[in-house]
Amino acid sequence: DGGITQSPKYLFRKEGQNVTLSCEQNLNHDAMYWYRQDPGQGLRLIYYSQIVNDFQKGDIAEGYSVSREKKESFPLTVTSAQKNPTAFYLCASSGSQGNTIYFGEGSWLTVV
Amino acid sequence: AQRVTQPEKLLSVFKGAPVELKCNYSYSGSPELFWYVQYSRQRLQLLLRHISRESIKGFTADLNKGETSFHLKKPFAQEEDSAMYYCALSGGNQGGKLIFGQGTELSVKP
């Protein structure tokens, strides 16, 4: 079954802790993205990667970090520096510039 | 600045009524525009893109460069159209990444 898999689906974190969200794709896509979805604000880009071992900051990268060591994987770490981490996080991928972007099912992160 | 604006947070219509979800954009080059839809408990998925000039599930959208708009239209709304709709923009120098609007929740009542 091809597609984008995000895990975990639901995650609770204590304040001050880092947490890593997993994103794996088997679509052989070069580009991968992380978006944050908040009510009334749409989707905002956190980080994106157009090729392995390379990534760029999006509009709201502060408090987040990523890595792209493998083509199929693009994990997102939400650090303790992120002031308002409770949100719905969406991972996406696309084949090349201009191609359709496909989304994962998302991960709900709640900081308690 | 590159921006996508969807002025309506919620649009409520009755079944069979026409529906228009508004989208305006700000971009200095030649953008590619998309509409994405998120049905309840499902992942965000592409509905249509302006370069395809196609109709999906009865929806159409025309890019109006003069008005910088890409409104989504359907002549007769169905209950199953109820969902969250996002307008998005991709530019030639964006590396494929999308800029999204705030989203419009469409509610179609019986």
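Residues numbered from 1 in each chain as written. Chains lettered and ligands numbered in written order. Predicted model: local features only at pLDDT ≥ 70, side-chain atom pairs only at ≥ 80, totals over all residues. Heavy atoms only, no water.

(A) Representation of the pattern of salt bridges within the structure. Under the counting rule described, the total for this entry stands at eight salt bridges over all chains. The closest approach of N and O atoms between Lys71 of chain A and Asp30 of chain A, which form a salt bridge, is 3.4 Å. Linking Lys71 of chain A in the loop between β7 (64–66) and β8 (76–78) with Asp30 of chain A in the loop between β3 (19–25) and β4 (31–38), this pair joins segments that are 41 residues apart in sequence. What makes Asp30 of chain A partly exposed here is its relative accessible area of 32%. Between Arg49 of chain B and Glu32 of chain B there is a salt bridge, and its shortest N-O distance comes to 2.7 Å. Remark: Glu32 of chain B occurs in strand β5 (residues 32–38) and Arg49 of chain B occurs in strand β6 (residues 45–49); sequence separation between them is 17 residues. Like Glu32 of chain B, Arg49 of chain B is buried. Linked through salt bridges whose partners overlap, the residues forming this network are Arg36, Asp38 and Arg44 of chain A. (Salt bridge = Lys/Arg side-chain N within 4 Å of Asp/Glu carboxyl O. Helix = DSSP H or I, 4+ residues; strand = E, 2+ residues; numbered from the N terminus. Buried < 20%, exposed > 50% of the residue type's maximum accessible area, 1.4 Å probe, protein only.)

(B) Examining the packing of aromatic side chains more closely. What the rule picks out here adds up to 13 aromatic pairs over all chains. Each ring, one from Phe59 of chain B and one from Tyr85 of chain B, has its centre 5.6 Å from the other, and the planes form 50°; the classification is tilted. Taken as a pair, Phe59 of chain B in the loop between β6 and β7 (60–61) and Tyr85 of chain B in strand β9 (residues 83–90) lie far apart in primary sequence, 26 residues in all. Taken together, the ring pairs in this structure connect Tyr33, Tyr35, Tyr48 and Phe103 of chain A together with Phe34, Tyr36, Tyr86 and Phe100 of chain B into an aromatic cluster. Over the face of the ring belonging to Phe74 of chain A we find Arg68 of chain A, whose NZ or CZ atom lies 6.0 Å from the ring centre. (Phe/Tyr/Trp six-rings, centres within 6.5 Å; stacked < 30°, edge-to-face > 60°. Lys NZ or Arg CZ within 6 Å of the ring centre and 35° of its normal.)

(C) Quick peek at the layout of surface pockets. Looking at the largest pocket, its volume works out to about 650 Å³. Elements represented by at least two residues in the lining of the largest pocket include exactly β4 and β9 (87–94) of chain A together with β9 and β11 (104–109) of chain B. Per-element accounting of the lining of the largest pocket gives the leading share, three residues, to β9 of chain B. Each pocket or cavity is described by its volume, and for the second largest pocket that value is around 250 Å³. (1 Å grid on protein atoms, 1.4 Å probe; cavity = no way out; pocket = protein on both sides within 12 Å on 5 of 7 lines; lining within 4 Å. Points joined across faces, edges and corners; volume = space filled by probe spheres on them.)

(D) A look at the state of the cysteines. Under the criterion given, the structure shown has two disulfides over all chains. Linked covalently through their sulfurs, Cys23 of chain A and Cys91 of chain A form a disulfide whose S-S length is 1.9 Å. Because the torsion about its S-S bond is -75°, the bridge between Cys23 of chain A and Cys91 of chain A counts as left-handed. In this pair, Cys23 of chain A sits in strand β3 while Cys91 of chain A sits in strand β9, placing the two residues 68 residues apart along the sequence. Across this residue pair, the class does not change: Cys23 of chain A and Cys91 of chain A are buried. The residue that forms a disulfide with Cys23 of chain B is Cys87 of chain B, at a sulfur-sulfur distance of 2.0 Å. Between Cys23 of chain B and Cys87 of chain B the sulfur-sulfur dihedral comes to about -65°; the bridge is accordingly left-handed. Taken together, the positions of Cys23 of chain B in the loop between β3 (19–21) and β4 (24–26) and Cys87 of chain B in strand β9 put the pair 64 residues apart, joining distant regions of the chain. The two residues Cys23 of chain B and Cys87 of chain B agree in class, both being buried. (Disulfide = S-S within 2.5 Å.)

(E) Just the pairing of β3 of chain A, in detail. Residues and elements named next belong to chain A. Of the two faces of β3, only the one carrying Val19, Leu21, Cys23 and Gln25 is buried; Thr20, Ser22 and Glu24 on the other face are not. The sheet contact formed by β3 and β8 spans three bridges and is antiparallel. What sits directly across from Leu21, in β8, is Leu76. (Pairing = 2+ DSSP bridges.)

These figures capture arrangement, not role.
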